[in-house]
Amino acid sequence: MRRRLYFMLPDVPSARGLLDELLLARIDERHIHFWAKDGTPLPDMPEASFLQKTDFVHGIETGMIVGGATGVIVGGLLVQFPPAGLQISTFAVLVGGLAGTLFGAWASGMVAAAIPNSRLKGFQDSIEHGQVLLIVDVPARRVEDIEEMVERRHPDYRFGGVEPHVPAFP
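Conventions and cut-offs
Residues take numbers from 1 onward in each chain, read along the sequence in its written order. Reporting of local features is limited, given that this is a predicted model, to residues whose pLDDT is at least 70; pairs of side-chain atoms are given and counted only at 80 or more, and all residues count toward the totals for whole chains, interfaces and linings. Excluding hydrogens and water, the side-chain values take into account all heavy atoms of the structure. Helix numbering and strand numbering both begin at the N terminus, where a helix is a DSSP run of H or I of at least 4 residues and a strand a DSSP run of E of at least 2. Between buried and exposed lies partly exposed: a residue is buried under 20% and exposed over 50% of the maximum accessible area for its type, with that area taken using a 1.4 Å probe on protein chains only. Lys and Arg are tallied as positive, Asp and Glu as negative. Neither His nor the chain termini are counted. Any carboxyl oxygen of Asp or Glu that lies within 4 Å of a side-chain nitrogen of Lys or Arg is treated as forming a salt bridge with it. Whether two residues are in contact is decided by their heavy atoms, any of which lying within 4.5 Å being enough. Put simply, a patch holds well-exposed residues, over 30% relative accessible area, that have no salt bridge, with like charges counted together within 9 Å and Val, Leu, Ile, Met, Phe, Trp or Tyr side chains within 5 Å. The method behind every accessible area is Shrake-Rupley, applied with a 1.4 Å probe, and residues are considered shielded solely by the protein chains displayed. Two strands pair under a simple rule: DSSP has to find at least two bridges between them. Only the contacting stretch of a helix is used when fitting its axis, a line to C-alpha atoms as for every element, and angles between N-to-C directions run 0 to 180 degrees. Angle categories are assigned with fixed cut-offs, so that under 35 degrees is roughly parallel, over 145 is roughly antiparallel, 65 to 115 is roughly perpendicular, and the rest are oblique. Two helices that cross are described as forming a left-handed crossing if the nearer one is turned anticlockwise from the farther one by less than a right angle, and a right-handed crossing if clockwise. For this scheme, ten residues count as nonpolar: Ala, Val, Leu, Ile, Met, Phe, Trp, Tyr, Cys and Pro. Four count as charged, namely Asp, Glu, Lys and Arg, and the remainder, Gly too, count as polar. To form a nonpolar core, buried Ala, Val, Leu, Ile, Met, Phe, Trp, Tyr and Cys residues must be joined to one another through side-chain atoms within 4.5 Å.

**Some details on the side chain of D55**
Position of D55 relative to the elements: it lies in the loop between α2 (50-53) and α3 (56-80). For D55, which is buried and forms no salt bridge, the nearest opposite charge comes from R119, at a distance of 6.3 Å. Once you skip the residues sitting within four places of it in the chain, D55 turns out to touch A112, I115, P116, N117 and S118.

This is the structure:
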């Protein structure tokens, strides 16, 4: 199980130095991501992905739940109160739930793609003022080691917390 750690770094050179230290601590580069103000060059540094910067994943999850529930309700209502002259089976509930889930995921995903990640809202102002957010995914057993390493070597960095669950694909 992996945990996601957040660190607010003062500038790009500090972030670059910490990247080197994390690599020396045997944290794979694919688990390290940086997010800086738009237009800020991050030389040879892995940038945060679209999925990490936006609420896309959260939007899809929410849309699937709301859309699926709505589809099941509509399907159930069609079974209970069919339109005049139509015979509708209970299969309509399943079809309604599936259609609602797909439509909800699509619609919510499109809206959420334009919204900054709500989990990272507290870092947005610092990023806009030139600081760099480090997002690093580490095994649960290494969380304390990485926190201590960063605190010991860079006491001016601000620790932003631990996310208990790291999604499988972002």
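**Regarding the side chain of H31**
Considering the arrangement of structural elements, one finds H31 in the loop between α1 (12-24) and β2 (32-35). Leaving out residues up to four positions away in the same chain, H31 has contacts with R2, I135, V136 and D137.

**Thoughts on a nonpolar patch on the surface**
A surface patch of nonpolar side chains, amounting to about 340 Å² of accessible area, comprises I73, L77 and F81. Structurally, I73 can be placed in helix α3.

**Things to note about the pairing of β2**
Burial of β2 is two-sided: the residues I32 and F34 facing one way and the residues H33 and W35 facing the other way are all buried. Direction of pairing for β2 relative to strand β3 (residues 132-139): antiparallel, over a ladder of four bridges. Bridge pairing in β3 links W35 to L133.

**So, the packing of α3 against helix α4 (residues 91-112)**
Between α3 and α4, whose axes approach to 6 Å, the crossing angle comes to 150°. What the angle tells us is that α3 and α4 run roughly antiparallel. Relative to α4, the crossing made by α3 is right-handed. Across the interface between the two elements, F56, G59, I60, G63, M64, G67, G68, G71, V72, G75, G76 and V79 from α3 touch A92, V93, G96, G97, G100, T101, G104, A105, S108, G109, M110 and A112 from α4. Here the contact of α3 with α4 is composed, by residue class, of 10 nonpolar, 14 polar and no charged.

**Overview of the nonpolar core**
Among the nonpolar cores identified, the biggest contains 24 residues, and L9, L22, F34, L134, V136 and I146 are the most heavily contacted of them. The set of elements that each furnish at least two residues to this core consists of β1 (2-9), α1, β2, β3 and α6 (143-153). The dominant element in this core, judged by the number of residues it contributes, is α1, at five residues. With sequence-adjacent residues up to four places away left out, L22 is seen in contact with I27, I32, L134, V136, I146 and M149. Grouped together as the second largest cluster of nonpolar side chains are nine residues, M8, A48, I127 and L133 included.

**Points about the environment of L77**
Following the sequence through the fold, L77 ends up in helix α3. The partly exposed category is assigned to L77, whose relative accessible area is 46%. Taking C-alpha positions, L77 is 30 Å from A112, a pair spaced 35 residues apart along the chain.

**Quick notes on the sheet that holds β2**
Read across the sheet, four strands follow the order β2-β3-β1-β4 without closing on themselves; strand pairing throughout is antiparallel. Two strands bound the open sheet, and with one partner strand each, they are β2 and β4 (158-163). Each adjacent strand pair in this sheet contributes to an overall mean axis angle of 20°, direction not counted.

**Describing the pairing of β1**
Most of β1 is tucked away, with six of its eight residues classed as buried. Here β1 runs beside β3; their pairing, made up of eight bridges, is antiparallel. From the neighbouring strand, Y6 faces β3, where its bridge partner is I135.

Keep in mind these values describe shape, not function.
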